[in-house]
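# Survey of secondary and tertiary structure
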Amino acid sequence: MLEFIWPWAFALLPLPFFIHRLIARAPRQDAALYVPFFNALDRLHSDSENLGAGRLLKLIFCALIWLLVVLAASRPQWLGEPVQLPSTGRDLMLAVDISGSMEAQDMIVGSRQASRIDVVKAVVGDFVERREGDRLGLILFAAHAYVQAPLTFDRKVVGELLEESDIGIIEESATAIGDAIGLSVIHLRSRPENSRVLVLLTDGVNNAGEVSPEQAGQLARSENIKIYTIGIGADQITQRAFFGARTINPSAELDEAVLTRIAESTGGRYFRARDVSGLVEIYAELDRLEAIEQDEQTYRPTRVLFHWPLGGALLLSFLLALVSIPWLSLAGLSLAGRAVLADADDPGLGVGGDAKAEA
């Protein structure tokens, strides 16, 4: 359906007519130059005005240009058919740690080791793909936290943005868990109270940011936001050294106590992902969260059209300028001058005729 956002712009259509009628024309002055063949030249000019083809064409061009400009000013747009949005689901924000420690290769995939961030991208990406009916958002955090994707029904975009999130795009030397939770609260608190969920995944301890995780957790609880926290990382790996192999804990810095308190204080849970299968099971359990009914919503896709009449007006203006350029007028005047001189040389007309009559 065609719609005009500013239909009152059509009231400007008769404006050129009123200007033409109300503003007085410049006074016409008598000619200061007298030539013997003026009558013939004036007659030629009058005949061209009577024909009026050029003037009529220019008038039509100007009228069309003005019509198209007014049409563009009315901001036309095409409204598509209403599209029904999913009426069930929740507003789910994903906060993913991309600090430098997420590069640790302590996750076994098949027969090879993989980094934590690569495993997270694969598992969380599959989780995102299954969340049909949910609004999903993505927050990335390291030394700072920022929104990579606001809440949206477009799961494909969220998945692509997660896949493109590489370690190093944020200062990676620290982890701001509290800031990530606080930023999630800002984006979730305007949503329905019974559908606000945050899933936070990290492998470290909060050592940066302006807000502590406990303070951010209290803020989330006051806004009825449920938080699920996931700690990722193996409990032990074997490293080979010059003096033999040794076993270390790559997740020694993981602050499970804080993550557990934050989750339980908001009605959520803390999960521990020590390997790929554990992480898959965690997101499978999160996938079984009860759906929340929401208000039915629809939207109509909109396509703006103002550039079409505006482009037509520019094209007609170019054509009008082309037919009005001086060299065309000079060519017409040259032809007219030759005709007048031919009449002047005629023995029965013009200067020659007048001179003979006086003799």
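Computed from a predicted structure; not experimentally measured. (Residues numbered from 1 in each chain as written. Predicted model: local features only at pLDDT ≥ 70, side-chain atom pairs only at ≥ 80, totals over all residues. Heavy atoms only, no water.)

A few words on the overall build of the chain. Counting its secondary structure elements, the chain contains twelve helices and 15 strands. Across the 359 residues that make up the chain, the buried fraction comes to 35%. Once local pairs closer than 6 in sequence are excluded, the contacts in the chain between residues at least 24 apart make up 78%. About 21,700 Å² of surface is accessible on the chain, with carbon and sulfur atoms providing 58% of the total. (Helix = DSSP H or I, 4+ residues; strand = E, 2+ residues; numbered from the N terminus. Buried < 20%, exposed > 50% of the residue type's maximum accessible area, 1.4 Å probe, protein only. Contact = heavy atoms within 4.5 Å. Areas by Shrake-Rupley, 256 points an atom, 1.4 Å probe, with all protein chains shown as cover.)

Attention now moves to unusual backbone geometry. The phi torsion of most residues other than glycine is negative, and most of the peptide bonds are trans. Even without a glycine there, the phi angle at Arg75 is positive, about 55 degrees. Mapped onto the secondary structure, Arg75 falls in the loop between helix 3 (53-73) and strand 2 (76-79).

Now for the sheet that holds strand 1 (residues 2-4). Reading across the sheet, the three strands line up as 1-2-15 and stay open at both edges, with antiparallel pairing between neighbours. Bordering the open sheet on either side are strand 1 and strand 15 (302-304), each of which pairs with just one other strand. In this sheet, adjacent strand axes meet at a mean angle of 30 degrees when their direction is disregarded. Pairing analysis gives three bridges linking strand 1 to strand 2, with the strands arranged antiparallel. Residue pairing for strand 2: Glu3 is matched across the bridge by Gln77. (Pairing = 2+ DSSP bridges. Axes fitted to C-alpha atoms, helices over the stretch in contact; angles between N-to-C directions.)

This brings us to a nonpolar patch on the surface. Among the surface-exposed residues, Leu12, Leu15, Phe17, Phe18, Ile19, Leu22 and Ile23 lie close enough to one another that they form a single nonpolar patch of about 710 Å² accessible area. For Phe18, the location among the structural elements is in helix 1 (residues 15-22). (Patch = residues over 30% accessible without salt bridge, like charges linked within 9 Å, V, L, I, M, F, W, Y side chains within 5 Å. Salt bridge = Lys/Arg side-chain N within 4 Å of Asp/Glu carboxyl O.)

Turning to the side chain of Thr266, a few remarks are in order. Mapped onto the elements, Thr266 comes out in the loop between helix 8 (256-265) and strand 13 (270-273). Judged by relative accessible area, Thr266 falls into the buried class, the value being 12%. When near neighbours in sequence (up to four residues on either side) are disregarded, Thr266 contacts Gly217, Ala220, Arg221, Ile225, Lys226 and Ile227.

The tally for this structure, following the rule as stated, stands at 16 salt bridges. With a shortest N-O distance of 3.8 Å, Arg272 and Glu256 are connected by a salt bridge. You can see Arg272 sitting in strand 13 and its partner Glu256 sitting in helix 8, a full 16 residues away along the chain. The class of Glu256 is partly exposed, set by a relative accessible area of 32%. One network of salt bridges, with partners in common, ties together Arg90, Asp126, Arg130, Arg131, Asp134 and Asp287.

Right, let's talk about helix 10 (residues 307-323) for a bit. Here helix 10 spans 24 Å end to end across 17 residues, near enough to the 24 Å set by a 1.5 Å rise per residue. For helix 10, the full list of buried residues reads Pro309, Ala313, Leu316 and Leu320. Looking straight down helix 10, one finds its buried side chains confined to an arc of 70 degrees; they lie on one side. Opposite the buried face of helix 10, by more than 90 degrees, sit the exposed residues Trp308, Leu314, Leu315 and Phe318. (Expected span 1.5 Å × (residues − 1). Arc of directions from axis to C-beta.)

Let us now look at the sheet that holds strand 8 (residues 145-152). Judged by pairing direction, the sheet is mixed, and its six strands sit side by side in the order 8-7-4-9-10-13 without closing on themselves. Each of the sheet's edge strands pairs with one partner strand only, and the pair in question is strand 8 and strand 13. Averaged over all pairs of adjacent strands, the angle between strand axes in this sheet comes to 15 degrees, irrespective of strand direction. Direction of pairing for strand 10 (residues 226-232) relative to strand 13: parallel, over a ladder of four bridges. Bridge pairing in strand 13 places Ile230 opposite Phe271. Contacting strand 4 (91-97), strand 7 (135-141), strand 9 (196-202) and strand 10, helix 4 (residues 116-130) runs over the sheet at an angle of about 170 degrees to strand 4. Each of strand 4, strand 7 and strand 8 touches helix 5 (residues 155-163); the most contacted strand, strand 7, lies at about 15 degrees to it.

Fair warning: the whole summary comes from geometry, so function is off the table for now.
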